[in-house]
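One letter stands for each residue in the lines below.
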Amino acid sequence: MERELLNKMFEFHGHKCWASALGLRAGLLALEKLGVEKAKAKELYVILETGYHHAAGCFGDGVQFATGCTLGKGILIRKPRGKLAFTLIDPKQKKQIRLCFNSKIRDKILASSFMKKRKAGIPPHEIPEEEAMEVVNLVLDSPIEDVILIGEVEESHFEPPVEVMGLEVCEICGEPVAKAYVRIIGTGQDIKKVCVDCSGYPEGFEK
Ligand SMILES: [Zn+2]
Ligand SMILES: [Zn+2]
């Protein structure tokens, strides 16, 4: 892998760590397997299985950087399972592939001084760079099949979410809100178009 690309990813991510490097390597492999280029708009989707409450969530940043499937573009879908795994989907070809961290390399990673310090609660950016890079290189230089469980390229039945263009202004707070998130409150003649927070509807409720 090009070091320049790796360093750009670390810059995006904020620190040097093996999990983001693993995400980068896996993301690039997934693109290659589907025969596609990094997403510029909404050509591809990623379903990311990392969770919110575990180490190595850094993996997701590597995957986003590699595939271009970023949260901001709306093409990163979270399905938290606490796994360093994701599915890359190409709706145009109706193909997908799932990749997951292979436990085969895990003991070597855990034995590193980087992981010993992480376990002791030291944040990654406070660990000497050589120690972080030792594990990064382990993940990047080991045979790919020891590092990543590579699924088959499969037929995809994924339906990309329908886009609703345009904004409305909430009649209570005055903030612009995408049409799909506008809620109607009131009855009869007295109805208002409002945002979710002003609607009083339970959070996460969607039409
Ligand atoms: Zn990280
Ligand atoms: Zn509002």
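Source: prediction; values computed, not measured.

**Re unusual backbone geometry**
The phi torsion at lysine 94 lies on the positive side, around 55°, for a residue other than glycine. Residue placement: lysine 94 occurs in the loop between β3 (85–90) and β4 (95–101).

**Considering the coordination of the zinc ion (ligand 2)**
In the first shell of the zinc ion (ligand 2), the protein supplies Cys170 (SG), Cys173 (SG), Cys195 (SG) and Cys198 (SG), at 2.3 to 2.4 Å from the metal. One can describe the donor arrangement at the zinc ion (ligand 2) as tetrahedral, given that its four donor atoms subtend angles of 97 to 116° at the metal. Each donor residue of the zinc ion (ligand 2) lies on one chain, and together they are spaced C-x2-C-x21-C-x2-C. On the accessibility criterion, cysteine 195 (11% relative accessible area) is buried.

**Looking at the packing of helix α2 (residues 18–34) against helix α3 (residues 59–67)**
As a packed pair, α2 and α3 sit with axes 6 Å apart at the nearest point and diverge in direction by 35°. The chirality of how α2 crosses α3 is right-handed. Residues Ala19, Ser20, Leu22, Gly23, Leu24, Ala26, Gly27, Leu28 and Leu31 of α2 form the contact with α3, whose participating residues are Phe59, Gly62, Val63, Phe65, Ala66 and Thr67. A per-class count over the contact of α2 with α3 returns 10 nonpolar, five polar and no charged.

Basis of the calculations
Residues numbered from 1 in each chain as written. Chains lettered and ligands numbered in written order. Predicted model: local features only at pLDDT ≥ 70, side-chain atom pairs only at ≥ 80, totals over all residues. Heavy atoms only, no water. Helix = DSSP H or I, 4+ residues; strand = E, 2+ residues; numbered from the N terminus. Donors = N, O, S within 2.8 Å, 3.2 Å for Na, K, Ca; no water. Tetrahedral: all angles 85-135°; square planar, octahedral: opposite > 155°, others 65-115°. Buried < 20%, exposed > 50% of the residue type's maximum accessible area, 1.4 Å probe, protein only. Axes fitted to C-alpha atoms, helices over the stretch in contact; angles between N-to-C directions. Left-handed = near helix turned anticlockwise from the far one by under 90°. Contact = heavy atoms within 4.5 Å. Nonpolar A, V, L, I, M, F, W, Y, C, P; charged D, E, K, R; others polar.

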